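What follows is each chain in one-letter form.
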Amino acid sequence: MGGVSSPRRFAVDAWPSDRTLVLYVPEIEAATAVRDLRDAEAAARDLIAVLTGLDPAGIECEVRLSRRARVTPWR
């Protein structure tokens, strides 16, 4: 029985850094950056797809803006 699977939802923390916006996906402990907030969801979705092998069409991102970094994505 084939059915439509529900999209996989990921939280994305975002904060300004220099002239970019850092995007951090806690669930996969990965980060990327964009210059424009309008590109944030697509960039996060692409990052998640590349690192997890999930189909980008099945990924939803909830971008949450923060005034500063809550976590350091690199250790």
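These remarks concern the structure in this document. Once a new chain begins, its residue numbering starts again from 1 and follows that chain's sequence as written. In keeping with the model being predicted, local features are shown solely for residues with a pLDDT of at least 70 and side-chain atom pairs are shown and tallied solely at 80 or more, while totals for entire chains, interfaces and linings include all residues. Hydrogens and waters are ignored; side-chain quantities use all the structure's heavy atoms.

### Thoughts on helix H1 (residues 40-52)
Short version of the rule: Helix and strand assignments come from DSSP, with helices taken as H or I runs of at least 4 residues and strands as E runs of at least 2, each series counted from the N terminus. Helices are assigned an expected span. That span is 1.5 Å times one less than the residue count. Whether a residue is buried, partly exposed or exposed follows from its accessible area with a 1.4 Å probe, protein chains only, as a fraction of its type maximum: under 20%, in between, or over 50%, in that order. Any two residues having at least one pair of non-hydrogen atoms within 4.5 Å are treated as being in contact.
Spanning 13 residues, H1 covers 18 Å between terminal C-alpha atoms, matching the ideal 18 Å at 1.5 Å per step. Of the residues making up H1, those classed as buried are Ala40, Ala43, Ala44, Leu47, Ile48 and Ala49. Summarising the contacts, the buried residues of H1 are in contact with strand S1 (8-17), strand S2 (20-25), strand S3 (30-34) and strand S4 (59-65).

### Here's the deal with the pairing of S1
Heads up, the condition is: Two strands pair if DSSP finds at least two bridges between them.
The sheet contact formed by S1 and S4 spans seven bridges and is parallel. Note on S4: the bridge partner recorded for Arg9 is Glu60. Summarising the sheet, S1 and S2 pair through five bridges and their orientation is antiparallel. Looking across to S2, one finds that Ser17 is bridged to Thr20. Connecting the antiparallel pair S1 and S2 is a turn made up of two residues, with Asp18 showing a positive phi of about 55°.

### Quick word on the pattern of salt bridges
Test applied: We define a salt bridge as a side-chain nitrogen of Lys or Arg found within 4 Å of a carboxyl oxygen belonging to Asp or Glu.
Per the stated rule, a full pass over the model turns up five salt bridges. The residue Arg38 makes a salt bridge to Asp36 at a minimum N-O spacing of 2.4 Å. Taking the relative accessible area as the measure of exposure, Arg38 reaches 73% and is therefore exposed. When its relative accessible area of 23% is taken as the criterion, Asp36 is described as partly exposed.

### Quick notes on the sheet that holds S4
For clarity, the cut-off: The axes are straight lines fitted to the C-alpha atoms, using for helices just the contacting stretch, and the angles between their N-to-C directions are given from 0 to 180°.
Taken in spatial order, the four strands line up as S3-S2-S1-S4 in an open sheet, and their pairing is mixed. Lying at the two open borders of the sheet, with one neighbouring strand each, are S3 and S4. Here the average twist between neighbouring strands, direction ignored, is 30°. In terms of strand pairing, S2 meets S3 through five bridges, oriented antiparallel. Residue Tyr24 lies in a different strand from S3, and its bridge partner there is Ala31. On top of the sheet, H1 reaches S1, S2, S3 and S4; it is set at about 130° to S4, its chief contact.

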